[in-house]
Amino acid sequence: MENENSAWEHEEGIPQFEDPFIQQYLKGRDALIAEEHKRRHDAIFRKSMSPIAARACKIVSQIRAREHNEVWTNGLDEITAHQSDEILYPGVMFHYAKGRMEKTNLWKIVEKMPKGSLLHAHMDAMFDIDFLIDKAFSTPGMHIMSPQALVSEKDREHGPVFLQYSSQTASDGEQKTSLWTSDYEPSSLIPIQTAAASYPDGGETGFRDWLRSRCMIMPEHSFFHHHGVDAIWAIFTTTFPVINSILMYEPIFRACFRRMLSQLAADGIRYVEFRIAFVFQWRKQGKDQTEDGYEDWCQVVEEEIEAFKQTEQGKSFYGARIIWTTLRRFGNKEIVDSMKQCIEIKHAFPELISGFDLVGQEDLGRTLKDLVPVLFWFRKRCAEEGLDIPFFFHAGECLGDGDETDNNLFDAILLGTRRIGHGFSLFKHPLLIDLVKEKKIMIECCPISNEILRLASSIKAHPLPALLSRGVAVSLCNDDPAILGHGRNGLTHDFWQALQGLQNVDLAGLAMMVQNSIRWSCYEDQGTAGWKQDVDEGILGSGLKAARLQEWHADFEKFCEWIVLEFAEFDDEE
């Protein structure tokens, strides 16, 4: 057949690949691709890679190619594959891929990778939900309550529910009503064990499943992209009050925070900047009344971080800081009151507070333009207090193109943000892309979050490649892993998604984003000039960031050596 085709092509005068002018075309094509690669975010990193790192990078790409063919296709013809119950292809939606991804060689590699810093993560959305529920059951005095009876399935799915420590005991008066019946007295406290035992759909097992569903976005919700962003956010925002009502009791928080730090360190993360909205109520152990302010909570956070660093697992952990956040939907008085609290806590805990941000759904919240007066007031007040609390704004976490929400990107840059949270819509703005590069602003990218919250249908549809191809500095982050259903803490899921789903992101591409996470970490307070100098100098500088970049580079070389030894069968240089 091949000879027949060759004869036919010759007869028709169709050029052949070996013809000089076709070869010339292909050389020009290769040169054009190479020229584009010079402008990518990882171009300089690739030039500096050691021979062992280059081999490891090639091995990882070969493993990815094999798994694309052997793991992420069912080997059936197109029609049969479309009719199959299992949805399977490279770059498939996160929840369809999750169970399978965690059994691959690519996962094994990414899991072991030293990951630098985690710079965009909402603390109260990071705690293992099952462990949190276990602690609610095992901690004396935990009760459940609701402002209404939760009689119907709809009530239990949508009705407000909270857990709370209380010193009341059975001897103080037996509960005569059930939360699940119409004679429940609204807002009365029911011991959690009592409520669980009487749960109408499966007793305690059913209760645990129900409570878990109130603390996270279930996988099926992430698939319904046609319902839109507002619908998924309506579910998302209801999880935080339930979680915080359990979490913000001192003995439960301490246990969960220790566990979370150990999970992050085990995943190769050495530094974290947590965001948390300071709108929660905090109870000290054995206290019925909530604390006035957040001094005690901050003290507990500092104590637990320092205690973890003294453990064997935490000996290489640099630490963690807090980006103070408040809700962007608040009015000016509420925001200014929160800003005043931020300043007070910064004085009391200067090493803990690293910056300021506003959180909540951008589309339904106030724009940065609307908040300019209070943001200028905050900057002025910080200067008067001798404090430097930089901005790390969420911006562009939206589908808009030129609307007021999308325009938050302009204000974030003009207001001097050091990093941009999400920046999902940035790829639509060529001028702003040039500005973030010029001003050395890094993008905190959260691909799985963007998918589940219905901004991108999968990693294949994510704008991350558009930013990387233009040389924008990006780090990968996990945003809200517990609520979004990761099932574990750390960055491995988001790293794996980018590596497996984006052909131009290989091991070198991941490594460059890790380096960015270290360069843009706020390990210590710095003025604008010192911050920019450290970012500019990178590993060649003389400060703390340079030292930690050097440490990461040594860890990365060891990691690459492990890849070459562990996966020698994929190494064609052997």
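About the thresholds
- Residues numbered from 1 in each chain as written.
- Predicted model: local features only at pLDDT ≥ 70, side-chain atom pairs only at ≥ 80, totals over all residues.
- Heavy atoms only, no water.
- Helix = DSSP H or I, 4+ residues; strand = E, 2+ residues; numbered from the N terminus.
- Rg over C-alpha atoms; globule rule 2.2 N^0.38 Å.
- Buried < 20%, exposed > 50% of the residue type's maximum accessible area, 1.4 Å probe, protein only.
- Contact = heavy atoms within 4.5 Å.
- Areas by Shrake-Rupley, 256 points an atom, 1.4 Å probe, with all protein chains shown as cover.
- Lys, Arg positive; Asp, Glu negative; His and termini not counted.
- Charge placed at Lys NZ, Arg CZ, Asp CG, Glu CD.
- Pairing = 2+ DSSP bridges.
- Core = buried A, V, L, I, M, F, W, Y, C linked by side-chain atoms within 4.5 Å.
- Domains from an automatic or database assignment.
- Polar contact = N/O pair within 3.5 Å; in protein donor to acceptor, adjacent residues only side chain to side chain.
- Buried area = accessible area lost by both parts, 1.4 Å probe.
- Nonpolar A, V, L, I, M, F, W, Y, C, P; charged D, E, K, R; others polar.
- Axes fitted to C-alpha atoms, helices over the stretch in contact; angles between N-to-C directions.
- Patch = residues over 30% accessible without salt bridge, like charges linked within 9 Å, V, L, I, M, F, W, Y side chains within 5 Å.
- Salt bridge = Lys/Arg side-chain N within 4 Å of Asp/Glu carboxyl O.
- UniProt positions renumbered as here; feature names shortened; annotations may be inferred.

## Details of the overall build of the chain
Next, step 1: On a plain count of helices and strands, the chain comes out with 25 helices and eleven strands.
Next, step 2: For a compact globule of 574 residues, the expected C-alpha radius of gyration is about 25 Å, and the chain comes in at 26 Å, within 12% of that figure.
Next, step 3: Sorting the 574 residues of the chain into buried and exposed places 54% on the buried side.
Next, step 4: Sequence separation of 24 or more characterises 77% of the internal contacts of the chain that already satisfy a separation of 6 or more.
Next, step 5: For the chain, the exposed surface amounts to about 25200 Å²; the carbon and sulfur share of it is 51%.
Next, step 6: Taking the average place of the 60 positive charges on the side chains of the chain and the average place of its 88 negative ones, the gap between the two points comes to 5 Å.

## Remarks on the sheet that holds strand β10 (residues 442–445)
Next, step 1: Across the sheet, four strands lie side by side as β8-β9-β10-β11; this open sheet has parallel pairing. Of all strands in the sheet, those with a lone pairing partner are β8 (394–395) and β11 (474–476), marking the two edges.
Next, step 2: As paired elements, β10 and β11 share three bridges and run parallel to each other. Note on β11: the bridge partner recorded for E444 is S475.

## Things to note about the nonpolar core
Next, step 1: Core analysis: the largest hydrophobic core is formed by 183 residues, its most contacted members being F207, F253, F274 and W297.
Next, step 2: Sort the elements by how many residues they give to this core and helix α13 (residues 229–247) lands first, with nine residues.
Next, step 3: Of the residues that make up this core, three or more belong to each of domain 1 (110–129 + 234–280 + 291–522 + 534–560) and domain 2 (143–214).
Next, step 4: Ignoring sequence-local partners within four residues, the contact set of F253 consists of M123, F127, L247, M248, W282, W297, V300 and V301.

## Quick look at the side chain of S521
Next, step 1: As for its placement among the helices and strands, S521 is situated in the loop between α23 (507–519) and α24 (528–537).
Next, step 2: One polar contact links S521 to S117, side chain to side chain, over a distance of 2.7 Å.
Next, step 3: For S521, the contacting residues outside a window of four places in its chain are S117, L119, Y271, E273, R419, W531 and K545.

## Examining the domain arrangement of the chain
Next, step 1: Looking at the chain, the domain boundaries give domain 1 (110–129 + 234–280 + 291–522 + 534–560) and domain 2 (143–214).
Next, step 2: Residue-level contacts link eight residues of domain 1 with eight residues of domain 2.
Next, step 3: In this assembly, domain 1 packs against domain 2 so that about 670 Å² is buried in total across both faces, 70% of it on carbon and sulfur atoms.
Next, step 4: In terms of surface lost to domain 2, no three residues of domain 1 exceed V242, S245 and Y249, which account for 58% of the buried area on that side.
Next, step 5: Viewed at the interface, domain 2 and domain 1 are joined by one residue pair in polar contact (both at pLDDT 80 or more).
Next, step 6: The leading source of residues in the side of domain 1 that touches domain 2 is α13, at six residues.
Next, step 7: Taken together, the residues that form the side of domain 1 that touches domain 2 break down as five nonpolar, three polar and no charged.

## Focus: the sheet that holds strand β6 (residues 319–327)
Next, step 1: The sheet built from four strands is open, its strands ordered β1-β5-β6-β7 with parallel pairing. Single-partner strands in this sheet number two, and they are β1 (116–122) and β7 (353–359). Pairwise comparison of adjacent strand axes, ignoring direction, gives a mean angle of 25° for this sheet.
Next, step 2: Note: β1 against strand β5 (residues 269–277), five bridges, orientation parallel. Counted as the bridge partner of A121 is F274 from β5.
Next, step 3: Along the sheet, helix α16 (residues 332–348) makes contact with β6 and β7, crossing β6 at roughly 160°.

## Here's the deal with a negative patch on the surface
Next, step 1: The grouping of D230, D363, D401, D403 and E404 at the surface amounts to a negative patch.
Next, step 2: Assignment of secondary structure puts D401 in the loop between β8 and α18 (408–414).
Next, step 3: Judged by its relative accessible area of 59%, D401 is exposed.

## Here's the deal with the UniProt feature "domain: Adenosine deaminase" (unreviewed entry) in the chain
Next, step 1: Following the UniProt record, the feature "domain: Adenosine deaminase" (unreviewed entry) maps to residues 233–535 here.
Next, step 2: A helix fraction of 46% and a strand fraction of 13% characterise residues 233–535, whose end C-alpha atoms lie 35 Å from each other.

## Describing the side chain of R275
Next, step 1: If you trace the backbone, R275 turns up in strand β5.
Next, step 2: A polar contact of 3.2 Å, which involves the side chain of R275, links it to the backbone oxygen of L119.
Next, step 3: A distance of 3.2 Å separates the side chain of R275 from the side chain of E444, its partner in a polar contact.
Next, step 4: Excluding residues within four positions of it along the chain, R275 makes contact with L119, H120, A121, H122, M123, I323, T325, D357, F392, H394 and E444.

## Thoughts on the environment of E86
Next, step 1: Relative to the assigned elements, E86 resides in the loop between α5 (78–83) and α6 (94–101).
Next, step 2: The sequence separation of E86 and R329 amounts to 243 residues, and the corresponding C-alpha distance is 41 Å.

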